[in-house]
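# Structural characterization, general
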Amino acid sequence: MTKDQLQHIQLTETFVKKTLENSEGGHDWFHIKRVYNNALLISKKEDVDLFIVSLGALLHDIADSKFHNDDDTIGPQKAREFLFGINVDSVAIEHVVKIIENVSFKGGNISQNFSSIELDIVQDADRLDALGAIGIARTFNYGGFKNHKLYDPSIQPDLNMTKEAYKASSAPTINHFYEKLLLLKDRMNTKTGKQIALNRHNYMEEFLKQFYTEWNGEK
C-alpha cells in the first residue's frame, strides 16, 4: 500500500475507535479489530486490494442498523462522508460503501446486489467473529442487552423469517444459534474462511450439547 493509503487506514482506525467507544460489547471497537485481523489473515491467501479490505473491515459496523432504528442507510452514508473527508479516492469509497451495504447476514434470506473478492473477505471475517467461543459470548451479551430469555423449549427457531422479522425478533438467545450461527459454516466464501469456520462451528455444537445436558439436569 502507498503511504497515503496507510495514513487513511490509521485515520479510519482512530475514527472508528472514537465512534464506537460506548457501543454494545459485541459490536464495539474490539469486534471491529477482530474482524480487521480476520480479514488480514484471509487476505494472505487471496489476490485482493488490501486497502479496500482494510477500510471495509474497519467501517463495516460503523452504524449497525440494529442500533439505529433498523435504518440500513446510516452506516454507508457515515462511511462515505468520513472517507470523502479524508480524501480517499471516489472509486475506493464506492467499493467500501458497497461492502458495508452487503456484508450483513440480514436473516439469511436476502440476496446480495454486489460482489467482489474484497466483499467476500470482509464478509467471511465478520462471520467468523459470530462463531466459536467469541460468537457464543457475543450472542449471550447481545441477548442480555435486549433482555431476551436464555432458552424456552416452547419457542422453536424460525428459519424462514423475513428481513424485518429477523431484525424484530425477541426469541430466546439459543434460537439465534439455529437462525444464524450454525448456518454460517456453509455460507463462507473463501477457503481460509471455510477452514476456520468449521473448527468454530464444531465448538458451538459441543457447547449446545452441554447446554441441553445441563438444562435438562442430566449430569
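Just above, that's the structure.
Here the structure is a predicted model, which means the values were calculated and not measured.

### Considerations on the overall build of the chain
Scanning the chain for helices and strands turns up 10 helices and 0 strands. Reading the secondary structure of the chain in the N-to-C direction produces α-α-α-α-α-α-α-α-α-α. Taking 219 residues into account, the globule formula puts the C-alpha radius of gyration at 17 Å, and the chain, at 18 Å, falls close to it. Considering only C-alpha atoms, the chain reaches an extent of 60 × 35 × 30 Å along its principal axes. Taken over 219 residues, the chain has a buried fraction of 47%. Expressed as a percentage of contacts within the chain between residues at least 6 apart in sequence, the contacts between residues at least 24 apart total 67%. About 11,500 Å² of surface is accessible on the chain, with carbon and sulfur atoms providing 49% of the total.

### Observations concerning unusual backbone geometry
For N87, which is not a glycine, the phi torsion comes out positive at approximately 65°. Even without glycine at this site, N147 takes up a positive phi of about 60°. Along the polypeptide, N147 turns up in the loop between helix 7 (132-145) and helix 8 (163-168). Residue class for N147 comes out exposed when judged on its relative accessible area of 69%.

Cut-offs and rules
Residues numbered from 1 in each chain as written. Predicted model: local features only at pLDDT ≥ 70, side-chain atom pairs only at ≥ 80, totals over all residues. Heavy atoms only, no water. Helix = DSSP H or I, 4+ residues; strand = E, 2+ residues; numbered from the N terminus. Rg over C-alpha atoms; globule rule 2.2 N^0.38 Å. Buried < 20%, exposed > 50% of the residue type's maximum accessible area, 1.4 Å probe, protein only. Contact = heavy atoms within 4.5 Å. Areas by Shrake-Rupley, 256 points an atom, 1.4 Å probe, with all protein chains shown as cover.

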